[in-house]
Amino acid sequence: MIKESDVYYNNPLFYIFMVLVLASFTYEIYYYNKLAAILIAASLFFLIAFNTERHLKVFLLIIFIIALMNNVFYYNYTPKANEEIRVVSLKYNRGIGEIKGRKVNITIDSLEEIVGSKIYAKGNFTRNLNISKGIIGDFTIIEYEKGKKDLTSYLYNLRKDLYDKIQIKLGARKAGIISSVAYGYDDNIESYDREKMKYYGISHAICVSGLHITMVYSIALLFGSNLLGMIVSFFYMLFSGAKEAAIRSYIMIVISNLAIKFKRQYNMMAALSLAGIVILIVKPYCLFSIGFILSFVNIIGINFFNKKINRVFYKIPSKIRQVVAITLSTQIFILPITMMYFNEFCANSIIGNLLIIPFINIIIVLGNLLILFLKIPMVFNYILFVSKYII
């Protein structure tokens, strides 16, 4: 009889993902302590390879070396004096930009709205590594020219336009809550609301997660095929800033649909591993992102404990039981992480996720309906009217 664990773990993708995790972790440790990095890498690689066949051990060693070189390639790039920069965020004259997919701290004097835009900049680069955040250094911009609008800049502007329209009708506080919960646009959420979310253990609600992508995909299915669902959720992923959790969820949705199309069994751990591989190849620093970590342990928790908890609470009505089971199964892994990262008390977190998250989900749905009806004032205003009494 084949064990369930064998189905999940006897898959090369799982081992490749673990090796990429090890490579990114080793690279950061190596930056601070070379000997410790070598010892940790050797020990963990031995554990990963212990139960694998000989040919797979060699293959994993090659993957580990390639993954290490991928980290070296990412962090050791030196920007030129003239570079094309995507402005990711900006507050006053400081923010984050991307140069050839690499994050840099930027300093710029600009009176115009340039967040989300590409700029052709002239400036000075100073090496200042922050490996856990993926930042390779500081780029001081002397002068720049704003580039032409593209899809990314259009989506940034759309998100800002939505916030402004919501703010006019509901005020800054409620606009900040809706835009942060529904779109991941958390620049304008007030500190009071941040603290309340922290107190109730739902700080992760202001990060676009796999739940957001799944809900958007499910809503799109009501109006069309799986293809429409994938297209709509892809653009929503870009619209929300293409966070790690959103990318992970979208990749898993695509793999699930491909499994159905080609009549193959869907392996959750293989799909999760492939999503992790893609993310870590493009953004090796994501290993240290709380969004990345919570997204992955969340799925693992649901997979391993959801059915068991459902069986324990079999006397509770089905819909309530499913909510309780999913909440508890995710909290088993998430609670220790959120307690360390957000300093949240675990009991509050369980209460918050059981009682408040359902209302958060309603806000996500309403917030995304606002995108669809942005150009239809009557419907747009009615959705805002409903939202006003939920927040």
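Residues numbered from 1 in each chain as written. Predicted model: local features only at pLDDT ≥ 70, side-chain atom pairs only at ≥ 80, totals over all residues. Heavy atoms only, no water.

> Looking at this model, I keep getting lost on the nonpolar core. Mind explaining?
Generally speaking, a soluble globular protein has its nonpolar side chains buried in company with each other. Grouped together as the largest cluster of nonpolar side chains are 92 residues, with contacts concentrated most on F139, I166 and L370. With 10 residues, helix α2 (residues 12-32) is the single largest residue contributor to this core. By size, the runner-up hydrophobic cluster in this structure holds five residues, among which are L294, V297, I334 and I337. (Core = buried A, V, L, I, M, F, W, Y, C linked by side-chain atoms within 4.5 Å. Buried < 20%, exposed > 50% of the residue type's maximum accessible area, 1.4 Å probe, protein only. Helix = DSSP H or I, 4+ residues; strand = E, 2+ residues; numbered from the N terminus.)

> Explanation requested: the environment of I277 in the structure shown.
Relative to the elements of secondary structure, I277 occurs in helix α11 (residues 268-282). What makes I277 buried here is its relative accessible area of 9%. C-alpha separation for the pair I277 and I16, spaced 261 residues apart in sequence, amounts to 7.4 Å.

> I keep staring at the sheet that holds strand β3 (residues 102-107) and nothing clicks. Help me out?
In a beta sheet, neighbouring strands pair by backbone hydrogen bonds and run either parallel or antiparallel. The strand order around the closed barrel built from five strands is β1-β2-β3-β5-β4, with neighbouring strands paired in mixed fashion. Pairs of neighbouring strands in the sheet enclose a mean axial angle of 45 degrees, with direction left out of account. Relative to strand β5 (residues 135-146), β3 runs parallel, the two being bridged by four bridges. Each bridged residue has a counterpart across the sheet, and for I106 the counterpart in β5 is F139. (Pairing = 2+ DSSP bridges. Axes fitted to C-alpha atoms, helices over the stretch in contact; angles between N-to-C directions.)

> Quick question: what am I supposed to make of unusual backbone geometry here?
Even without a glycine there, the phi angle at K100 is positive, about 50 degrees. Topologically, K100 is positioned in the loop between β2 (94-99) and β3. With relative accessibility at 54%, the residue K100 sits in the exposed group. Phi at K263 is positive, roughly 55 degrees, even though this residue is not glycine. Summarising the element assignment, K263 is placed in the loop between α10 (244-261) and α11. Taking the relative accessible area as the measure of exposure, K263 reaches 76% and is therefore exposed.

> Before we go on, may I ask you to explain a nonpolar patch on the surface in this structure?
Taken together, the side chains of L151, Y154, L227, I231, F234 and F235 make up a nonpolar region of the molecular surface, amounting to roughly 570 Å² of accessible area. For the nonpolar patch, the elements supplying multiple residues, two or more each, are α5 (151-170) and α9 (226-239). The element contributing the most residues to the nonpolar patch is α9, with four residues. Topologically, I231 is positioned in helix α9. (Patch = residues over 30% accessible without salt bridge, like charges linked within 9 Å, V, L, I, M, F, W, Y side chains within 5 Å. Areas by Shrake-Rupley, 256 points an atom, 1.4 Å probe, with all protein chains shown as cover. Salt bridge = Lys/Arg side-chain N within 4 Å of Asp/Glu carboxyl O.)

> Help me out: how do you make sense of the pairing of β2 in this one?
Look at any regular strand and the pattern is simple: side chains alternate between the two faces of the sheet. Bridging between strand β1 (residues 82-91) and β2 involves five bridges; their strand directions are antiparallel. Each bridged residue has a counterpart across the sheet, and for K91 the counterpart in β2 is R94. What sits between the antiparallel neighbours β1 and β2 is a turn of two residues, in which Y92 has the positive phi angle 60 degrees. In this structure, β2 lies alongside β3, joined through six bridges in antiparallel fashion. Note that in β3 the partner of G97 across the bridge is V104. Adjacent in sequence and paired antiparallel, β2 and β3 are bridged by two residues, among which K100 carries a positive phi angle near 50 degrees.

> It is not clear to me how helix α4 (residues 54-75) should be interpreted in this structure. Could you clarify?
Given 3.6 residues per turn, any residue in an α-helix points the same way as the ones three and four places further on. Spanning 22 residues, α4 covers 32 Å between terminal C-alpha atoms, matching the ideal 32 Å at 1.5 Å per step. The complete set of buried residues in α4 reads L56, L60, I63, F64, A67, N71, Y74 and Y75. One face of α4 carries all of its buried residues, which in axial projection span an arc of 110 degrees. With respect to the buried face of α4, the exposed residues turned more than 90 degrees away are R54, H55, I66, M69 and F73. (Expected span 1.5 Å × (residues − 1). Arc of directions from axis to C-beta.)

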